[in-house]
Amino acid sequence: GAALSRDELNALIPGSTVYRSGRDADATWSNQTDGKLIGSSQGRAHAGKRGTARGSWRVADDGKYCVDIEWDLRTEQWCRFVFRHGDDYAAFRTDTDPGAKGMVLTIKK
């Protein structure tokens, strides 16, 4: 399928909560309507260390969803095209390579 359009992302992202399960940690963040976000993470390593973070989000002119999160141990920065994936979403660096590795995001309003 096609990536969500810029307009679709601008309707979906503000005021939403995003959940991402990663290799090292699970993360959740709330996208505030002013472009800021507040996140929390639960690590699998380091005795399940929890962390909180602040950051920002935006929808780029080319239709990518972008986040910049200042976690305790690192900065997470990325811009990805978002596709519907069942009840969840998948985010990819490219919108043309069907074999590209992506991340699964749960986005709830």
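Rules of the game
Residues numbered from 1 in each chain as written. Predicted model: local features only at pLDDT ≥ 70, side-chain atom pairs only at ≥ 80, totals over all residues. Heavy atoms only, no water. Disulfide = S-S within 2.5 Å. Helix = DSSP H or I, 4+ residues; strand = E, 2+ residues; numbered from the N terminus. Contact = heavy atoms within 4.5 Å. Buried < 20%, exposed > 50% of the residue type's maximum accessible area, 1.4 Å probe, protein only. Pairing = 2+ DSSP bridges. Axes fitted to C-alpha atoms, helices over the stretch in contact; angles between N-to-C directions. Core = buried A, V, L, I, M, F, W, Y, C linked by side-chain atoms within 4.5 Å.

All right, on to the state of the cysteines then. Scanning all chains against the criterion turns up one disulfide. Bridging C66 to C79, the disulfide has an S-S length of 2.1 Å. Linking C66 and C79, the disulfide has an S-S dihedral of approximately 115° and is accordingly described as right-handed. A residue pair is termed long-range when its members are at least 10 positions apart, and C66 in strand 5 (residues 65-70) and C79 in strand 6 (residues 75-85) qualify at 13 residues.

Our focus in this paragraph is the side chain of K64. Checked against the element boundaries, K64 lands in the loop between strand 4 (50-59) and strand 5. Look past the residues within four positions of K64 in its chain and what remains in contact with it is L9, R58, V59, C79, R80, F81 and R93.

With that out of the way, let us pick up the pairing of strand 7 (residues 88-92). Taken residue by residue, a regular strand's side chains alternate between the two faces of the sheet. Of all five residues that make up strand 7, four are buried, and the element is covered over most of its length. Relative to strand 7, strand 6 is paired through five bridges, and the arrangement is antiparallel. Residue pairing across strands places H85 opposite D88, the latter belonging to strand 7. Here strand 6 folds back onto strand 7, and the loop between the two strands holds two residues, one of which, G86, carries a positive phi near 65°. Of the strand pairs in this sheet, strand 7 and strand 8 (residues 103-108) are connected by three bridges, and their pairing is antiparallel. Each bridged residue has a counterpart across the sheet, and for Y89 the counterpart in strand 8 is L105.

With that settled, consider the sheet that holds strand 7. Think of a sheet as strands paired side by side through backbone hydrogen bonds, with each pair either parallel or antiparallel. Reading around the circumference, 1-2-3-4-5-6-7-8 is the order of the eight strands in this closed barrel, with antiparallel pairing throughout. The average undirected angle you get between the axes of adjacent strands in this sheet is 35°. The pairing of strand 1 (residues 17-21) with strand 8 spans four bridges and is antiparallel. Across the sheet, residue Y19 finds its bridge partner in strand 8, namely T106.

Next up on the list: the nonpolar core. W29, Y65, V67 and L105 are the most contacted members of the largest nonpolar core, which has 22 residues in total. Looking at this core, the elements with two or more residues in it are helix 1 (6-12), strand 2 (25-31), strand 4, strand 5, strand 6, strand 7 and strand 8. Apart from the residues lying within four places of it in its own chain, the contact partners of W29 are S16, T17, V18, R20, L37, I38, G39, Y65, V67, I69, E76 and W78.

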